[in-house]
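Observations on the three-dimensional arrangement
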Amino acid sequence: TEFVAEVQPSHTGFLVGPDLGMTNYHVVDEFRNAPDRARIRFDFKRLAAGATPNKGTAYRLATNWLVEESRFSDHDLETPPTTLPDPDQLDYALIRLEKRAGDDELGGKPNASDAVKRGWLAMPAGNHSFVPQSPLFIVQHPDGEPMKIALDTQAVIGLNGNSTRVRYATNTEPGCSGSPCFSIDLEWVALHHAGDPKWVPKYNQGIPVAALRKRIAAGLLG
């Protein structure tokens, strides 16, 4: 379900429906005025020696590509923040692809007996507790590179005052904005969007799925 949003610079996103992708609002700003130059690439693989066995499949955006969005907060990078983000400031965007990428089969084996559909992430119904020092891992495409997984077994720092942000110690690299964050039980729990701006960073930051669910139009994600 992971994809690379190929703009300059490249960022990360993932499917939340057959043709519906999620990434950050600030990522969409990179191609808002020229959506025809954006490419959404899935299944990009590269071997350790540098060979590329799978260049992946690229999709264009639909004509009416921007489905819904929520701006970030100007206080997101303050430590500590002087003002809590508004519940409407969740730094996400839902984008429509020109084709139903989630229904496509993987591995270039259409109609094969072992073919597997790409699929998408379903939004959990419950509220994740974000217990301090609990594990959290991030699936990311740093700087347009093949998928990497970052894991920290004592990651969670905690939620902010109105549960619109969660901070964690799991490492990310440039280009990982828009990555999904998972609990140790493989539950999608947050949308990664920012990191500590200090020279020696102490945290990364995401938007809890529960906050996203409250903001996203009823029924949009099924």
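Our subject in this report is the structure included herewith.

Let us look at the overall build of the protein chain. Of the regular secondary structure elements, the protein chain holds 2 helices and 14 strands. Burial analysis of the protein chain (222 residues in total) assigns 45% to the buried set. Summarising the internal contacts of the protein chain: among those between residues at least 6 apart in sequence, 63% fall at separations of at least 24. Of the roughly 11,100 Å² of accessible surface on the protein chain, a fraction of 51% belongs to carbon and sulfur atoms.

So, on to the side chain of Ser-183. Within the secondary structure layout, Ser-183 lies in the loop between strand E12 (180-182) and strand E13 (188-195). With residues up to four places along the chain from it excluded, the contact list for Ser-183 reads His-128, Pro-135, Phe-137 and Val-189.

To continue, consider the packing of aromatic side chains. Within the structure shown, the criterion is met by 5 aromatic pairs. Measuring from centroid to centroid gives 5.8 Å for Tyr-25 and Phe-72, while their planes differ by 75°, and the two rings are edge-to-face. One end of the pair, Tyr-25, is in helix H1 (residues 25-28); the other, Phe-72, is in the loop between strand E6 (61-70) and strand E7 (92-97), and 47 residues separate them in sequence. The class for Tyr-25 is buried, based on a relative accessible area of 14%. Taking the relative accessible area as the measure of exposure, Phe-72 reaches 22% and is therefore partly exposed.

This brings us to the sheet that holds E12. The strand order across the open sheet built from 7 strands is E9-E8-E12-E13-E14-E11-E10, with neighbouring strands paired in antiparallel fashion. Taken across any chain shown, the strands that pair with only one partner, and hence form the sheet edges, are strand E9 (148-152) and strand E10 (156-159). Pairs of neighbouring strands in the sheet enclose a mean axial angle of 30°, with direction left out of account. When E12 meets E13, the two strands line up antiparallel, connected through 3 bridges. Looking across to E13, one finds that Phe-182 is bridged to Trp-188.

This part takes up the pattern of salt bridges. Scanning the entire structure with this criterion turns up 10 salt bridges. For Arg-96, the salt bridge goes to Asp-19, with nearest N and O atoms at 3.0 Å. Of this pair, Arg-96 sits in strand E7 while Asp-19 sits in the loop between strand E2 (11-15) and strand E3 (20-23); the two residues are 77 residues apart in sequence, bridging distant segments of the chain. Here Asp-19 falls in the buried class, since its relative accessible area comes to 17%.

A separate point is the nonpolar core. Counting 19 residues, the largest nonpolar core has Met-22, Tyr-92, Trp-188 and Leu-212 as its most contacted members. Where this core is concerned, the elements lending two or more residues are E3, E7, strand E8 (136-140), E13 and helix H2 (209-215). Element by element, the count of residues in this core is highest for H2, at 3 residues. Those residues in contact with Met-22 that sit more than four places away from it in its chain are Phe-3, Gly-13, Phe-14, Val-16, Tyr-92, Ala-93, Leu-94, Gly-178, Trp-188, Leu-191, Leu-212 and Ile-216. Phe-31, Ala-38, Phe-42 and Ala-93 belong to the second largest nonpolar core, which has 16 residues in total.

Each value, and the rule that gives it
- Residues numbered from 1 in each chain as written.
- Predicted model: local features only at pLDDT ≥ 70, side-chain atom pairs only at ≥ 80, totals over all residues.
- Heavy atoms only, no water.
- Helix = DSSP H or I, 4+ residues; strand = E, 2+ residues; numbered from the N terminus.
- Buried < 20%, exposed > 50% of the residue type's maximum accessible area, 1.4 Å probe, protein only.
- Contact = heavy atoms within 4.5 Å.
- Areas by Shrake-Rupley, 256 points an atom, 1.4 Å probe, with all protein chains shown as cover.
- Phe/Tyr/Trp six-rings, centres within 6.5 Å; stacked < 30°, edge-to-face > 60°.
- Pairing = 2+ DSSP bridges.
- Axes fitted to C-alpha atoms, helices over the stretch in contact; angles between N-to-C directions.
- Salt bridge = Lys/Arg side-chain N within 4 Å of Asp/Glu carboxyl O.
- Core = buried A, V, L, I, M, F, W, Y, C linked by side-chain atoms within 4.5 Å.

So, to be careful, I would describe these as geometric facts and stop short of saying anything about function.
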